[in-house]
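# Summary of the model geometry
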Amino acid sequence: MIGNDIVDLAKAKEESNIFRPRYLQKVSSPEEIERILSATDPVKCFWRMWTMKESAYKAFQRQFDLKPVFNPFAFTCLFEDSEFGTVDFRDHQLAIKTLQTEDFVYSEVLDNEHNHNFFGGSCDFLLKVKNQLNLPSLPKFTKTELGLPVLSLADKISPVSKTHHGKFQAFQY
Amino acid sequence: MTSEAIQARLKQIVKPYVNNQENFENLSPESNFINDLEINSANLVDIVLDVEDEFDIRIENDDMEKMTDVETTVEVIQNKLKAK
């Protein structure tokens, strides 16, 4: 299962105020709110949970052919350490890895098969895949019926998860 | 309140969060917040909160998850107003 999500912290600061009244209550459980508010950096902790939930949502959407919905509250985050954590959704659980830097927070669903990621623009990404797999021509982005991105390689299609926010872009494939 | 009147007020609410101005100017009931208006998903929360303030209603999670396009959002608001 693949799914990833990136948040540009500078852009998020311009766009969102997570301390706005009722904001946290709309997207987080009481336990999650407690965790956020007691964190050294509550804003970064919030975006870690947010990107974990978004990555899990993308993965579940692909797995179960879900129609797009918006309910971050239905996803519950648990941190194992500063890097690894899990997200629960209905009866399912996914393991997620998060990378936090000064400038961005990036989460991705752990998957044995699709464990590559690439940070950068689409053209560079496609070129990298071409070279990595020794393809005769550049792969192409296409979409499934549900609108989820896939890569068309020479003779097969392969799932890809894209995320873009502010000046950061990343791919899991 | 008519759905047209609600849609007009909703249009003003979503305006500051829109990243695709052309689709915003051609706003229709089918317009999807994320795919068409290119609104950042974290700002969908702001839209829900702004809607609550503007119409003096409270939106539960079951309703919130449907609020991804203009038509269903207008429906949710209309139902909440009727129940007031």
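Residues numbered from 1 in each chain as written. Chains lettered and ligands numbered in written order. Predicted model: local features only at pLDDT ≥ 70, side-chain atom pairs only at ≥ 80, totals over all residues. Heavy atoms only, no water.

## Regarding the environment of V129 of chain A
All names here are of chain A. Examined against the element boundaries, V129 turns out to sit in helix α5 (residues 122–133). Take V129: its relative accessible area is 2%, and that puts it in the buried class. Spatially, the C-alpha atom of V129 lies 9.6 Å from that of F118, the residues being eleven residues apart in sequence. The contacts of V129, once residues within four sequence positions are left out, are L135, P139, L151, L153 and Y173. (Helix = DSSP H or I, 4+ residues; strand = E, 2+ residues; numbered from the N terminus. Buried < 20%, exposed > 50% of the residue type's maximum accessible area, 1.4 Å probe, protein only. Contact = heavy atoms within 4.5 Å.)

## A word on the packing of aromatic side chains
Residue and element names in this part refer to chain A. This structure, assessed with the given rule, holds 18 aromatic pairs over all chains. Ring centres of Y23 and F46 lie 6.0 Å apart, and the angle between their planes is 65°; this geometry places the pair in the edge-to-face category. One end of the pair, Y23, is in helix α2 (residues 23–27); the other, F46, is in helix α4 (residues 42–64), with 23 residues separating them in the sequence. The residues Y23 and F46 share a single accessibility class, namely buried. The interplanar angle of 50° and the centroid separation of 4.9 Å between the aromatic rings of F104 and F168 together place this pair among those described as tilted. (Phe/Tyr/Trp six-rings, centres within 6.5 Å; stacked < 30°, edge-to-face > 60°.)

## Describing α4 of chain A
All names here are of chain A. In this model α4 runs 32 Å from its N-terminal to its C-terminal C-alpha over 23 residues, within 8% of the 33 Å that 1.5 Å per residue would give. The element α4 is largely enclosed, with a buried count of 18 among its 23 residues. Just downstream of α4 lies D65, where phi reads positive at about 50°. (Expected span 1.5 Å × (residues − 1).)

## Describing the UniProt feature "modified residue: O-(pantetheine 4'-phosphoryl)serine" (unreviewed entry) in chain B
The UniProt feature table records "modified residue: O-(pantetheine 4'-phosphoryl)serine" (unreviewed entry) at S41 of chain B. Here S41 of chain B shows up in helix α3 (residues 41–55). Judged by relative accessible area, which is 14%, S41 of chain B ranks as buried. Discounting chain neighbours no more than four positions away, the residues touching S41 of chain B are W50, E54 and F70 of chain A together with I34 of chain B. (UniProt positions renumbered as here; feature names shortened; annotations may be inferred.)

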